[in-house]
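Chain and residue survey
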Amino acid sequence: PETGHVGEHGPVEDYTDPYPHLLELTSGYHGFAITYRDKLTFVEAGGVWDRLLTAYCAGRRRAPVWMLGELDWRTPQAHPLDRVVTMVTVPERTAEAILRALRAGRMWAVFRMGRQAPALQRFDVTDVTSQHVAGIGESIAPLGPIRIRVSGQRGSSEPGPARVFLIKDGAVVQMEEVTAEEFDLVWTDDAPPTRGFYRVVFQGPAGLIYTNPIFVR
């Protein structure tokens, strides 16, 4: 929705304005795609996507809006097929399992900017009292405090900061710089009084990661 388009088809020229604001004015869709790493204000903390998720948590939207990565593929040289990928969590490698995961939001987008890409190995929320665990796209109703865990790999030994951001209800509540190739971060929080969400953003020399949310309460 953030990417405009100008094209020519013989004597006919087509033009499309960016339209992120229209997603707040419409309904009946299940998700959207992020494509270019220089056009990601839609998924920044407090942006349009967070407002859509907040509206769902408040009961003003019937369903959450999911995010996935998309490649505007033109040629292998300009856009390698693995430059932007959508990773899904599935119990088995079948088309049916992948479609169920996409519908349920159990996915995250990875932008590769170098030879290797960063990797997300874990993002979940645990109810400390009951030990119930929710992953990406899932919900949890904790009895008390919660534990948020994020682990993965930087994907690059190149110098430069790599940062992991924890976003809660549209605001960045934690930020950690990671220097080692592998990272494993744990945060704790009180159970929210009303329904809310957490999501994670990774930014580093090797690329970017954006997750779908985990809903709490």
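Residues numbered from 1 in each chain as written. Predicted model: local features only at pLDDT ≥ 70, side-chain atom pairs only at ≥ 80, totals over all residues. Heavy atoms only, no water.

1. Digging into the overall build of the protein chain
Across its full length, the protein chain carries two helices and 16 strands. Projected onto its principal axes, the C-alpha positions of the protein chain cover 65 × 45 × 35 Å. Looking at the 217 residues of the protein chain, the share that counts as buried comes to 41%. A sequence separation of at least 24 residues applies to 61% of the contacts in the protein chain between residues at least 6 apart. For the protein chain, the accessible surface area stands at approximately 11,800 Å², while carbon and sulfur atoms represent 51% of it. Looking at charge distribution, the protein chain has the averaged site of its 23 positive side-chain charges lying 4 Å from that of its 26 negative ones. (Helix = DSSP H or I, 4+ residues; strand = E, 2+ residues; numbered from the N terminus. Buried < 20%, exposed > 50% of the residue type's maximum accessible area, 1.4 Å probe, protein only. Contact = heavy atoms within 4.5 Å. Areas by Shrake-Rupley, 256 points an atom, 1.4 Å probe, with all protein chains shown as cover. Lys, Arg positive; Asp, Glu negative; His and termini not counted. Charge placed at Lys NZ, Arg CZ, Asp CG, Glu CD.)

2. What to know about the sheet that holds strand β8 (residues 133-135)
Overall, antiparallel pairing links the four strands, which are arranged β8-β7-β10-β13 in an open sheet. The two strands at the open ends of the sheet, each matched to only one other strand, are β8 and β13 (182-189). Strand-to-strand twist across the sheet, computed as the mean angle between neighbouring axes with direction ignored, equals 20°. Looking at chain direction, strand β7 (residues 119-127) and β8 are connected through three bridges and run antiparallel. Counterpart to D124 in the pairing with β8 is G135. (Pairing = 2+ DSSP bridges. Axes fitted to C-alpha atoms, helices over the stretch in contact; angles between N-to-C directions.)

3. Concerning the environment of P145
One can find P145 in the loop between β9 (139-140) and β10 (146-153). Residues in contact with P145, not counting those within four places in the same chain, are T126, D127, V128, T129, D189, D190 and A191.

4. Brief notes about the pairing of strand β14 (residues 196-204)
Of all nine residues making up β14, eight are buried, and the element is well covered by its neighbours. For strand β11 (residues 162-168) and β14, the ladder comprises six bridges, and the chain directions are antiparallel. Of the residues in β14, the one forming a bridge with I167 is R199. Bridging between β14 and strand β16 (residues 214-216) involves three bridges; their strand directions are antiparallel. Paired with F197 across the bridge in β16 is F215. Joining the antiparallel neighbours β14 and strand β15 (residues 207-211) is a turn of two residues.

5. Thoughts on unusual backbone geometry
Leave glycine aside and you will find that most residues have negative phi; peptide bonds, for their part, are mostly trans. Positive phi outside glycine occurs at Q131, with the angle close to 70°. The topology assignment puts Q131 in the loop between β7 and β8. Under the relative-accessibility criterion, Q131 is labelled partly exposed at 45%. Despite not being glycine, R217 shows a phi value in the positive range, around 90°. Mapped onto the secondary structure, R217 falls in the segment after β16.

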